[in-house]
Amino acid sequence: MEKSKEKDKQILISADLFAKFERMAGSYGLTKKALLEAMIFYFKATQADPRDPKADNPTDALKALDKRLVSFIRQQENELLRPMSDDLKLLLQLISQDLPKTLRQSQIKTIGGAFKPEFQTERFRAVYEDLMKKTS
């Protein structure tokens with residue numbers, strides 16, 4: 001049986017680029033061969049184009065995602081949380097006024113019923129039931 005020998009190959013690059021390559025290998029704690037292999041695997045795995053050094057870097061992508069997430073949260077705050085807060089403030093104002101009990105109970109039912117059951121916590125339900133008892 002004949003042993004197959006793997007032969008190393010050479011790549012010719014300019015002296016300046018080779019010096020940069022050596023410094024890069026040293027900064028990563030790799031041999032030049034290990035760095036070149038890692039670079040090849042990296043470009044194959046990420047399918048990044050090495051000719052385009054201005055490609056999106058992960059930090060910029062995370063910053064963009066962060067901005068979108070903050071924007072989404074602000075939208076939810078404006079569309080859901082603020083209206084709920086306004087409804088609760090209105091509910092408290094109605095309860096504190098000297099309105100006929102039937103009107104107050106009707107308003108409490110309307111506001112309490114506006115919250116979907118999946119958004120009603122146990123605390124919310126307890127306060128709601130307590131308010132209903134007080135106005136009846």
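Everything below is about the structure shown above.
Now for a look at the structure at hand. (Residues numbered from 1 in each chain as written. Predicted model: local features only at pLDDT ≥ 70, side-chain atom pairs only at ≥ 80, totals over all residues. Heavy atoms only, no water.)

1. Some words on helix α1 (residues 15–28)
For α1, with 14 residues, the first-to-last C-alpha span of 20 Å sits near the 20 Å given by 1.5 Å per residue. In the segment just after α1, Gly-29 is the residue with positive phi, at about 70°. (Helix = DSSP H or I, 4+ residues; strand = E, 2+ residues; numbered from the N terminus. Expected span 1.5 Å × (residues − 1).)

2. Description of the packing of aromatic side chains
Taken as a whole and judged by the stated rule, the model has one aromatic pair. When the ring of Tyr-42 is compared with that of Phe-43, the centres are 5.4 Å apart and the planes differ by 70°; the resulting orientation is edge-to-face. (Phe/Tyr/Trp six-rings, centres within 6.5 Å; stacked < 30°, edge-to-face > 60°.)

3. Section: the pattern of salt bridges
A side chain of one charge can pair with a side chain of the opposite charge when the charged atoms of the two come close. Within the structure shown, the criterion is met by three salt bridges. Lys-33 serves as the salt-bridge partner of Asp-8, at 3.7 Å between the closest nitrogen and oxygen. Within this pair, whereas Asp-8 is found in the segment before α1, its partner Lys-33 is found in helix α2 (residues 32–46), the two being separated by 25 residues in sequence. With relative accessibility at 60%, the residue Asp-8 sits in the exposed group. The salt bridge involving Glu-77 is made with Arg-82; its shortest N-O contact spans 3.5 Å. Residue classification places Glu-77 among the partly exposed residues on the basis of a relative accessible area of 29%. Residue Arg-82 is classed as partly exposed on the basis of its relative accessible area, which comes to 45%. (Salt bridge = Lys/Arg side-chain N within 4 Å of Asp/Glu carboxyl O. Buried < 20%, exposed > 50% of the residue type's maximum accessible area, 1.4 Å probe, protein only.)

4. A short note on a nonpolar patch on the surface
Residues Ile-11, Ile-13, Leu-17, Phe-18, Leu-36 and Ile-40 make up a contiguous nonpolar surface patch of about 540 Å² in total accessible area. Contributions of two or more residues to the nonpolar patch are made by α1 and α2. With respect to the element layout, Leu-36 can be found in helix α2. A relative accessible area of 32% places Leu-36 in the partly exposed class. (Patch = residues over 30% accessible without salt bridge, like charges linked within 9 Å, V, L, I, M, F, W, Y side chains within 5 Å. Areas by Shrake-Rupley, 256 points an atom, 1.4 Å probe, with all protein chains shown as cover.)

5. Comments concerning the environment of Gly-113
Within the secondary structure layout, Gly-113 lies in helix α4 (residues 101–113). Taking C-alpha positions, Gly-113 is 9.8 Å from Tyr-128, a pair spaced 15 residues apart along the chain.

6. A short note on α2
Taking 1.5 Å of rise per residue, the 15 residues of α2 would be expected to cover 21 Å, and the 21 Å separating its terminal C-alpha atoms lies within 8% of that figure. Residue Gln-47 follows α2 closely and has a positive phi angle near 55°.

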